[in-house]
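# Close look at the chain arrangement
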Amino acid sequence: MLPALAKIGLAPLLVDAVADALKPLLLGFAGFCALLQALVLWQTRGFAAFTREMRGQLLLSVLVMTMVYFGVRQVAPDAERWLLFNYLVVALCGLLLVLQPAPGRDERN
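Conventions used here
- Residues numbered from 1 in each chain as written.
- Predicted model: local features only at pLDDT ≥ 70, side-chain atom pairs only at ≥ 80, totals over all residues.
- Heavy atoms only, no water.
- Axes fitted to C-alpha atoms, helices over the stretch in contact; angles between N-to-C directions.
- Helix = DSSP H or I, 4+ residues; strand = E, 2+ residues; numbered from the N terminus.
- Parallel < 35°, antiparallel > 145°, perpendicular 65-115°, else oblique.
- Left-handed = near helix turned anticlockwise from the far one by under 90°.
- Contact = heavy atoms within 4.5 Å.
- Nonpolar A, V, L, I, M, F, W, Y, C, P; charged D, E, K, R; others polar.
- Expected span 1.5 Å × (residues − 1).
- Buried < 20%, exposed > 50% of the residue type's maximum accessible area, 1.4 Å probe, protein only.
- Patch = residues over 30% accessible without salt bridge, like charges linked within 9 Å, V, L, I, M, F, W, Y side chains within 5 Å.
- Areas by Shrake-Rupley, 256 points an atom, 1.4 Å probe, with all protein chains shown as cover.
- Salt bridge = Lys/Arg side-chain N within 4 Å of Asp/Glu carboxyl O.
- Lys, Arg positive; Asp, Glu negative; His and termini not counted.
- Charge placed at Lys NZ, Arg CZ, Asp CG, Glu CD.
- Core = buried A, V, L, I, M, F, W, Y, C linked by side-chain atoms within 4.5 Å.
- Phe/Tyr/Trp six-rings, centres within 6.5 Å; stacked < 30°, edge-to-face > 60°.
- Lys NZ or Arg CZ within 6 Å of the ring centre and 35° of its normal.

### A word on the packing of helix H2 (residues 12-45) against helix H5 (residues 80-99)
In the contact formed by H2 and H5, the axes pass within 11 Å of each other and the chain directions differ by 40 degrees. Relative to H5, H2 is oriented oblique. At the point where H2 passes H5, the crossing takes the left-handed sense. Contact with H2, carried on its side by Lys23, Leu26, Leu27, Ala30 and Gln37, involves Leu84, Tyr87, Val90 and Leu97 of H5 and no other residues of that element. Residues belonging to the contact of H2 with H5 are distributed by class as follows: seven nonpolar, one polar and one charged.

### Comments concerning H2
Helix length check: H2, at 34 residues, gives a terminal C-alpha distance of 47 Å against a target of 50 Å (1.5 Å per residue), a fit within 8%. Val15, Ala19, Pro24, Leu27, Gly31, Ala34, Ala38 and Leu41 are the residues of H2 that are buried. Just past H2, the residue Gly46 takes up positive phi, approximately 90 degrees.

### Examining a negative patch on the surface
A contiguous patch of negative charge on the surface is contributed by Asp16, Asp20, Asp78 and Glu80. Topologically, Asp78 is positioned in the loop between helix H4 (54-75) and H5.

### Quick word on the side chain of Glu53
Along the polypeptide, Glu53 turns up in the loop between helix H3 (49-52) and H4. With near-sequence residues (within four places) excluded, Glu53 lies in contact with Leu41 and Arg45.

### With respect to the nonpolar core
In this structure, Ala34, Ala38, Leu41, Leu59 and Val62 are the most contacted members of the largest nonpolar core, which totals 13 residues. Looking at this core, the elements that each hand over two or more residues are H2, H3, H4 and H5. If you tally residues by element for this core, the top one is H4, at five residues. Ignoring anything within four residues of it in the chain, the contact list for Leu41 reads Gly46, Ala49, Phe50, Glu53, Arg55, Gly56 and Leu59.

### Notes on the packing of aromatic side chains
Taken as a whole and assessed by the stated rule, the structure comprises three aromatic pairs. Ring geometry for Phe47 versus Phe50: centroids 5.8 Å apart, planes at 55 degrees, classification tilted. Phe50 sits in the buried class, given a relative accessible area of 8%. With centroids separated by 5.4 Å and ring planes inclined at 85 degrees, the aromatic side chains of Tyr69 and Phe70 adopt a geometry described as edge-to-face. Under the relative-accessibility criterion, Tyr69 is labelled buried at 5%. Across from the ring centre of Tyr87, 5.3 Å away, lies the NZ or CZ of Lys23, which sits over that ring.

Right, here's the structure in full:
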């Protein structure tokens with residue numbers, strides 16, 4: 001959405017203001033979804049799934065990076081590169097989670 005706003009011709013400061021408002025909301029939503037998935041994984045496979053399975057490790061990574069993002073945002077809001085790094089790591093972990101086989105499919109084969 002942000003590249004589309006820039007392409008429309010809106011003022012760069014307005015696009016930056018929208019980005020500053022949307023990124024924390026998006027990361028909060030990603031953290032909430034990862035927490036729900038982690039709870040389901042814990043109920044179905046137990047706590048050991050977080051160390052044995054890649055899915056559990058990715059979910060833990062998303063949760064940790066989301067908490068670090070909000071912590072850094074409170075302590076040092078000027079650390080733009082670190083916040084962008086957290087944002088990109090969460091996006092990469094989300095992509096890797098999508099590429100994982102469905103939980104029932106990997107056991108049947």
